Amino acid sequence: MASRVESDEDGDNKGSMWDLDQKLDQPMDEEAGRLKNMYREKKFSAVLLLRLAFQSLGVVYGDLGTSPLYVFYNTFPHGVKDPEDVIGALSLIIYSLTLVPLLKYVFVVLRANDNGQGGTFALYSLLCRHAKIKTIPNQHRTDEELTTYSRSTFHEKSFAAKTKRWLEEQATRRSAILILVLVGTCMVIGDGILTPAISVLSAAGGIKVNKPHMSNGVVVLVAVVILVGFFSMQHYGTDRVSWLFAPIVLLWFLLIGGIGIFNIWKHGSSVLKAFSPVYIYRYFKRGGQEGWTSLGGIMLSITGTEALFADLAHFPVSAVQLAFTLIVFPCLLLAYSGQAAYLMNNLDHSQDVFYRSIPGTAVVIVMLVTTFLMIMIMILVWRCHWILVLIFTGLSLIVECTYFSSVLFKIDQGGWVPLVIAGAFLVIMYVWHYGTVKRYEFEMHSKVSMAWILGLGPSLGLVRVPGIGLVYTELASGVPHIFSHFITNLPAIHSVVVFVCVKYLPVYTVPEEERFLVKRIGPKNFHMFRCVARYGYKDLHKKDESFEKKLFDNLFMFVRLESMMEGCSDSDEYSLCGQKTVQSMDGMLSNNGNTRTASSNMDISVSSLDSIEPAKSPPHVKSSGQTSSQTEVDELEFLNNNRDAGVVHILGNTVVRARRDSRFYKKIAVDYIYAFLRKICRENSVIFNVPHESLLNVGQIFYV
């Protein structure tokens, strides 16, 4: 079945029944519980920390470590004319490594992790929790009670509060932040596609130093074999890969550092003058525009810096900081200083590395995106003084904007490749986001009034047949339009109806014990429930064989706890009833293995029942307990019987189409790109392992 619906441009029409709807379909405050444990990084022993720092060498620092292979060649592609140019270039490399990887990332950006997760999306999730900038407004205060939903509060008159209100005022500002995040993510992808090939080809190019007559095809073939070997090992996981490559990378850093010391000793220590920033000024003054454009080669010395933050999920912050500070940073300084000392006495040897790498252009854009996001993190999350924010912003933008202006001159020399790749991914991501937002807005604008549902009576104006209907929707409150479309086109509905909302939150993960929220909709004789399944951005969505089982376990547990609470609320004797409730729960958990599993998957608090009040009427308590227990047994038996009768999964299939009068680019984006993406993506029926014979699709066409 399918229906055609036009979007309502005027928004919701909140009539006289709106207040009644709000009372009938309240948010899940009580059901959310009170699990407010803030994340704290685990404490590691010194030995374990050293081991993790050692392992991080094999995963995080490959790109930074191979940069010495091609930096000086790209800086002086036509040879070195003056030894002073080598000193100036080395000075730029030294201060670039100090300001960007060491000071900015290791000591500042790594602290902005989202419960141990790094990368652009981690920064965005932090911002979404501290300001209402999420473009799909499906969050609720109950989500803030998740264990992983850590955030700080600030005074209403503070600079952070003013910034928060400024960001939330207009939708264009929220969209601008989203686009900034997507740009940063796409640039990482564009750079990541090319970086392995560049690094391995540059390393393999060393073969031609002793055999200059060897063809480039042989070098390329060697690089391809190495790349295939590297990628074939990826499926073994981070732990095994890190143990395999960590000794190799550590040996590499020690060798290039040792060779650097040897070159400084052999060719003279005058190269150490580069630690004075005066030589940077002299370099630009002497080189002019040519010196400015050479920054594109020097910038390659800090490629791979973003990996320090992006790969943070695999290792603790302290391990990454330790490895970079004690091993990577000093070895790189020694390696570049040794190369500079050699070049000063061999000015015509700057082209020993045969492969001229593509200028890594996307890298500096990613750094700029991180800087802009860090400004908001420092204001909203860390609540730093504006002077500190200004200092961080000024230092970061001076370095990164300088490099950005220089790489613009090299776009036509190959820098356009990562930009084109990133642009393609940006279009895909933005179109997908646009279609998702429009589908959610349609669900919100067309949801059915709860008062209308209740006005139909317990039978919903239909024949209630045995069975349970699971109605999937993106709404965490209200009744979706597909349900009204369903009941107005069919003569019967299931005896039990559960609205299932799969919700994605701006947290890295949702613990299994906090995954589900369950509540009742309307009076008991309607037998209608709502279940919200919550996921984080790092939660894997493979085939969930037990999703239906977990859902029903949580539903049955909710009925048990609800019955106990009602028994308490009917009594004047709270202390005994609270004790009885806790004892009854303990009994269920100890006597029923399935119930134990159910309770661990549900976020419900009963501590409020255990209050101290004088006992007044024990006989009344006993009668109330028996009544609630009998009600519980009856409803559980009713649910079990309907579950045995059959479960049907009702999925809404909302098809988004562009209007006939839409512009051509909108038609291409919606009717072709978004439609294609929806077609190739897995549906909820596949993710949650819904049997084909139990699946019912309700189609709708929505024009935007």
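In what follows, the structure referred to is the one given above.
Attention here is on the structure that accompanies the text. This structure is a prediction, so every number in the text was calculated from the model and none was measured.

A tally of helices and strands in the protein chain yields 26 helices and seven strands. A buried classification covers 50% of the 704 residues belonging to the protein chain. When the accessible area of the protein chain is evaluated, it comes to approximately 33,100 Å², of which 61% is carbon and sulfur surface.

As a further point, take unusual backbone geometry. In this structure, R383 takes a positive phi of about 55° despite not being glycine. Tracing the sequence through the fold places R383 in the loop between α16 (362-381) and α17 (386-407). Assessed through its relative accessible area of 45%, R383 is described here as partly exposed.

Counting through the fold element by element, L408 comes out in the loop between α17 and α18 (416-445). Its relative accessible area of 43% is what places L408 among the partly exposed residues. Here the alpha-carbon distance between L408 and T361, two residues 47 residues apart in the chain, equals 7.8 Å.

Moving on to the nonpolar core. With 104 residues, the main nonpolar core has Y61, F324 and M374 as its most contacted residues. In this structure F324 touches Y61, L64, P101, L102, V106, L308, F329 and P330, once residues within four positions along its chain are discounted. Counting 27 residues, the second-largest nonpolar core is a separate cluster that includes I468, Y535, L555 and V690.

Considering the arrangement of structural elements, one finds S694 in the loop between α26 (684-687) and β7 (695-703). The buried category is assigned to S694, whose relative accessible area is 16%.

Two faces make up the sheet, and in a regular strand the side chains alternate between them. In terms of burial, strand β4 (residues 516-521) is largely enclosed, as six of its six residues are buried. Between β4 and strand β5 (residues 528-535), which pair antiparallel in sequence order, lie six residues; one of them, G522, sits at a positive phi of approximately 75°.

There is a patch of nonpolar side chains on the surface, built from F159, W386, I387, L388, L390, I391 and L395 and spanning about 740 Å² of accessible area. With six residues, the single largest contributor to the nonpolar patch is α17. With respect to the secondary-structure elements, L390 resides in helix α17.

Here we take up the pattern of salt bridges. Per the counting criterion, the structure on display carries 13 salt bridges. Across the pair E400 and K104 runs a salt bridge, and its minimum N-O distance is 2.4 Å. A single burial state applies to E400 and to K104, both of which are buried. E441 is the partner of K438 in a salt bridge, and the nearest nitrogen-oxygen pair spans 3.5 Å. Of this pair, K438 and E441 both sit in helix α18, three residues apart, which is roughly one turn of that helix.

Reading guide: rules and limits
- Residues numbered from 1 in each chain as written.
- Predicted model: local features only at pLDDT ≥ 70, side-chain atom pairs only at ≥ 80, totals over all residues.
- Heavy atoms only, no water.
- Helix = DSSP H or I, 4+ residues; strand = E, 2+ residues; numbered from the N terminus.
- Buried < 20%, exposed > 50% of the residue type's maximum accessible area, 1.4 Å probe, protein only.
- Areas by Shrake-Rupley, 256 points an atom, 1.4 Å probe, with all protein chains shown as cover.
- Core = buried A, V, L, I, M, F, W, Y, C linked by side-chain atoms within 4.5 Å.
- Contact = heavy atoms within 4.5 Å.
- Pairing = 2+ DSSP bridges.
- Patch = residues over 30% accessible without salt bridge, like charges linked within 9 Å, V, L, I, M, F, W, Y side chains within 5 Å.
- Salt bridge = Lys/Arg side-chain N within 4 Å of Asp/Glu carboxyl O.

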